[in-house]
Each structure stands twice: as structure tokens, then as C-alpha cells.
Amino acid sequence: MKRSVLTRYRVMAYVTAVMLLVLCTCMVFKYGFDRGEDLTLMVSQAHGLLFMVYLVFAFDLGQKARWPFGKLLWVLLSGTIPFAAFLVERRIRAEVAPLIDADDQPAQPVGA
């Protein structure tokens with residue numbers, strides 16, 4: 001597996017998580033203080049688009065890492081729970097990094 005597969009997942013996990021926190025803050029201002037309706041609309045649309053990109057990259061990583069369906073589903077849904085994407089990203093990075101490092105090692109010649 002290429003390192004870029006993990007890198008793009010990690011970037012989108014962080015971007016999606018931050019956008020979700022910004023969206024939650026906007027929602028508090030919109031419904032709690034009756035302020036920022038236009039900003040909430042823009043942030044929600046941006047988060048929706050970025051979340052779709054996150055889903056594609058997470059699915060791609062899951063397919064290449066050969067995750068079972070339940071694990072893949074958990075990673076995909078972690079982008080919808082505030083702070084969960086940060087925690088899941090850290091765990092996934094720790095799990096997938098050895099797979100990438102193993103692929104980066106040159107093959108040992110036979111008989112060496």
C-alpha cells in the first residue's frame with residue numbers, strides 16, 4: 001500500500017473533524033442565539049462536500065487494508081461524531097503504518 005493512501009485519509013479525517021466542530025458551533029449560534037444563519041448554511045454545505053471526499057478516501061484505505069465491514073463502517077461513521085474522527089484517525093494511523101513500512105522495505109535477496 002502506498003503512503004499517499006494513508007496521508008490523504010489522515011488529511012481528510014482532520015479537515016472533516018474540524019469542519020464538524022465548526023458546524024456544531026455554528027448550529028449553537030443559529031439555534032441558541034438566533035445568529036449566523038447564512039454562515040451556518042455555508043459551513044454545512046462545505047462540511048457535506050468534504051465529508052463525501054472523506055468517505056471516498058476512507059473507503060479506499062479500508063479496501064486496501066482489507067478491513068472487515070464493521071471496522072470500515074465505524075471509520076466511515078466517525079466523521080459524523082464530534083471528536084471521534086480525531087481518535088479514530090490516530091488508531092488507524094498506528095494500525096496502517098506498519099503495513100506501509102513493510103511495503104517500503106526492499107525485498108531481501110534469496111539466500112542472503
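Everything below is about the structure shown above.
Notes on the structure follow. (Residues numbered from 1 in each chain as written. Predicted model: local features only at pLDDT ≥ 70, side-chain atom pairs only at ≥ 80, totals over all residues. Heavy atoms only, no water.)

## Things to note about the pattern of salt bridges
Line of reasoning, step 1. A complete count under the given rule lists four salt bridges for this structure.
Line of reasoning, step 2. With a shortest N-O distance of 2.1 Å, Asp60 and Arg8 are connected by a salt bridge. Of the two residues, Asp60 is situated in helix H2 (residues 37-65) and Arg8 in helix H1 (residues 3-33); the sequence distance between them amounts to 52 residues.
Line of reasoning, step 3. Residue Asp60 is classed as buried on the basis of its relative accessible area of 19%.
Line of reasoning, step 4. For Arg8, a relative accessible area of 31% corresponds to the partly exposed category.
Line of reasoning, step 5. Among the charged side chains, a salt-bridge network with shared partners connects Arg8, Asp60 and Lys64. (Salt bridge = Lys/Arg side-chain N within 4 Å of Asp/Glu carboxyl O. Helix = DSSP H or I, 4+ residues; strand = E, 2+ residues; numbered from the N terminus. Buried < 20%, exposed > 50% of the residue type's maximum accessible area, 1.4 Å probe, protein only.)

## Quick look at the packing of aromatic side chains
Line of reasoning, step 1. Applying the stated criterion to the full structure yields five aromatic pairs.
Line of reasoning, step 2. Judged by centre distance (5.5 Å) and plane angle (45°), the ring pair of Phe29 and Phe33 falls under tilted. Taken together, the positions of Phe29 and Phe33, both in helix H1 and four residues apart, correspond to about one turn of that helix.
Line of reasoning, step 3. Under the relative-accessibility criterion, Phe29 is labelled partly exposed at 44%.
Line of reasoning, step 4. Counting every residue linked through ring pairs, the aromatic cluster contains Tyr9, Phe51 and Tyr54. (Phe/Tyr/Trp six-rings, centres within 6.5 Å; stacked < 30°, edge-to-face > 60°.)

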